[in-house]
Amino acid sequence: MADDLPNVGFKTADDIAMKMGFDIDSPLRIQSGVLYQMKMICNDGDTYLGINDILEESAALLDIDEDIILPIVKDMIHKGILINEEDCIYLPYLYEAEKDTAERLAYKANYEDGEEIKEIDFDELQKLANIEFDEKQIDAIKLANTSNIMVLTGGPGTGKTTVTRGIIEMLKKQKKTIALAAPTGKAAKRISELTGSPAMTIHRMLEYNPALGYQRDEQNPLTESVLIVDEASMINIELMHNLIKAVPLKMKLIIIGDVDQLPSIGSGNVLRDIINSKKIPVIKLDKIFRQAFWL
C-alpha cells in the first residue's frame, strides 16, 4: 500500500500491517520502510545515500536494529530495487535521471553542427540593447554565440539579466527563434519583464499534464533554435532530465543561475553539479553594478 498507492503513506500502511499481525522485523515491512525513508530524504535534496545513513535513518523509522536491516538492503540492491554505484545507494529513478542527464549534457557539450559562426557587431548590439557591456559580459555573449551549451552564473547585481538581454538581441539579429523559460511562474514573469521577451514555466513549455506526464520529449522535441533557462538553481534532477530529453542536439542551450540563490525543490543540486563538473563552458560574472535598475 505504501509503495503503490499515492495517498497512503508508510506510517498509515504500517499501522494497518501491525494490526493485521505483521512482524516488526518482516522483510516486507523493512523494505517498504527503507524505500519510504529514502524518498523522504531525497525529496529534501539528496540523490543518493551512503549505506550507513540508510541504516541509521531506517532503524529510527522502523524501531529495529541496523543489523536486521542490512541484509534486506543488500537483497534490495541484488534485486535492482536499489542501485549501488561506488557505495552510493540510489533509488532507480533518480539514478537513471542523474546518469542520463549527465550523459546528454556531456554529449551536447561536445557536439558541433558545422554551422558557420557569425561575427557580432558589439557597437550595434549595445545600441539595440541600450547597454554598454563590460569585458566579461562581452565574453559571455561571445560564448553564447559559439557554444552549443553554456552556463552563465554570478551573484545578485553582477549583470546576468544584462547579458541575457544582449544574448537575446544577438540571437534575434541572427534570425534565431528563442524559447525563454524558468522553473516557476514568478521567475518566468520576472525574466520576461526584465528582458522584454515572452517566457513561460518549464512545465508549461514541456506541456506537462498531471495524468499523462511531459508531452515534450525526444520523440516530440522543442522546435526553437535556442533555449534560455533562467533561475536554474531551482531545477531538480527529475525536471532537468525531462527538460534535456526535449532539447534537440542542435538546439543551443543557455543555462543561467546563481548556485547561492533559491535551491531546488526536490532531489539534486543540478546547477552546482554542472558547474563543478568542468565539462560545460561557464562564465561567472563577478563585478557588481548596483546603479543599474535592470540588474
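Keep in mind the model is a prediction, meaning the values are calculated, not measured.

S.K.: Any details on the packing of helix H3 (residues 51-62) against helix H4 (residues 66-79)? Residues and values, ideally.
M.R.: Running from N to C, H3 and H4 point in directions that differ by 120 degrees, and their axes come no closer than 9 Å. By the angle class used here, H3 and H4 are oblique. Of the two possible hands of crossing, H3 and H4 adopt the one that is right-handed. Contacts from Ile51, Ile54, Leu55, Glu56, Ser58, Ala59 and Leu62 of H3 reach H4 at Glu66, Ile69, Leu70 and Val73.

S.K.: An account of the sheet that holds strand E1 (residues 48-49) is requested, with residue identities and associated values reported.
M.R.: Overall, antiparallel pairing links the three strands, which are arranged E1-E3-E2 in an open sheet. Every interior strand has two partners, whereas the edge strands, E1 and strand E2 (83-85), have only one. Taken together, the two bridges between E1 and strand E3 (residues 88-90) define a ladder with antiparallel strand orientation. Counterpart to Tyr48 in the pairing with E3 is Tyr90. Sheet strands touched by helix H5 (residues 92-109): E2 and E3. Its angle to E3, the strand with the most contacts, is close to 110 degrees.

S.K.: Can you tell me about the side chain of Arg216, naming the residues and giving the values?
M.R.: Following the sequence through the fold, Arg216 ends up in the loop between strand E8 (213-214) and strand E9 (226-229). Judged by its relative accessible area of 18%, Arg216 falls in the buried class. A polar contact of 3.5 Å, which involves the side chain of Arg216, links it to the side chain of Asn220. Beyond its immediate stretch of four places on either side in the chain, Arg216 contacts Met205, Leu206, Glu207, Pro221, Leu222, Thr223, Asn242 and Ala246.

S.K.: A description of the sheet that holds strand E11 (residues 282-285) should follow, citing residues and the corresponding values.
M.R.: If you walk across this open sheet you meet the six strands as E6-E5-E9-E10-E4-E11, and the pairing is parallel. A single partner strand is all that each edge strand has here, and the edge strands are strand E6 (200-201) and E11. Of the pairings in the sheet, the one linking strand E4 (residues 149-154) to E11 comprises four bridges and is parallel in character. Residue Thr153 lies in a different strand from E11, and its bridge partner there is Lys284. Contacting E4, strand E10 (252-257) and E11, helix H12 (residues 270-277) runs over the sheet at an angle of about 110 degrees to E4.

S.K.: Outline the nonpolar core, supporting the account with residue identities and numerical values.
M.R.: Val34, Ile69, Leu82, Leu227, Leu243 and Ile255 are the most contacted members of the largest nonpolar core, which has 51 residues in total. Counting residues per element, this core draws most heavily on helix H2 (residues 27-42), at six residues. If we ignore the near neighbours within four places in the chain, the residues touching Leu82 are Val34, Leu35, Met38, Val73, Met76, Ile77, Ile89, Tyr90, Leu91 and Pro92. Judged by nonpolar contacts, the second largest core, of 25 residues, contains Ala129, Leu152, Val163 and Ile191.

S.K.: Would you mind going over the side chain of Asn145 in detail, with residue names and values included?
M.R.: Take Asn145: it is sitting in helix H7 (residues 135-146). Asn145 sits in the buried class, given a relative accessible area of 11%. There is a polar contact of 2.9 Å between the side chain of Asn145 and the side chain of Gln174. Ignoring anything within four residues of it in the chain, the contact list for Asn145 reads Ile117, Lys118, Ile120, Met170, Gln174 and Lys252.

S.K.: Please set out the packing of aromatic side chains residue by residue, giving values where relevant.
M.R.: In total, this model carries four aromatic pairs according to the counting rule given. Relative to Tyr95, the ring of Tyr90 lies with its centre 5.2 Å away and its plane at 75 degrees, an arrangement referred to as edge-to-face. Each member of the pair, Tyr90 as well as Tyr95, is classed as buried. For the pair Tyr208 and Tyr214, a centre-to-centre distance of 4.8 Å together with 50 degrees between the ring planes defines the contact as tilted.

Conventions we followed
Residues numbered from 1 in each chain as written. Predicted model: local features only at pLDDT ≥ 70, side-chain atom pairs only at ≥ 80, totals over all residues. Heavy atoms only, no water. Axes fitted to C-alpha atoms, helices over the stretch in contact; angles between N-to-C directions. Helix = DSSP H or I, 4+ residues; strand = E, 2+ residues; numbered from the N terminus. Parallel < 35°, antiparallel > 145°, perpendicular 65-115°, else oblique. Left-handed = near helix turned anticlockwise from the far one by under 90°. Contact = heavy atoms within 4.5 Å. Pairing = 2+ DSSP bridges. Buried < 20%, exposed > 50% of the residue type's maximum accessible area, 1.4 Å probe, protein only. Polar contact = N/O pair within 3.5 Å; in protein donor to acceptor, adjacent residues only side chain to side chain. Core = buried A, V, L, I, M, F, W, Y, C linked by side-chain atoms within 4.5 Å. Phe/Tyr/Trp six-rings, centres within 6.5 Å; stacked < 30°, edge-to-face > 60°.

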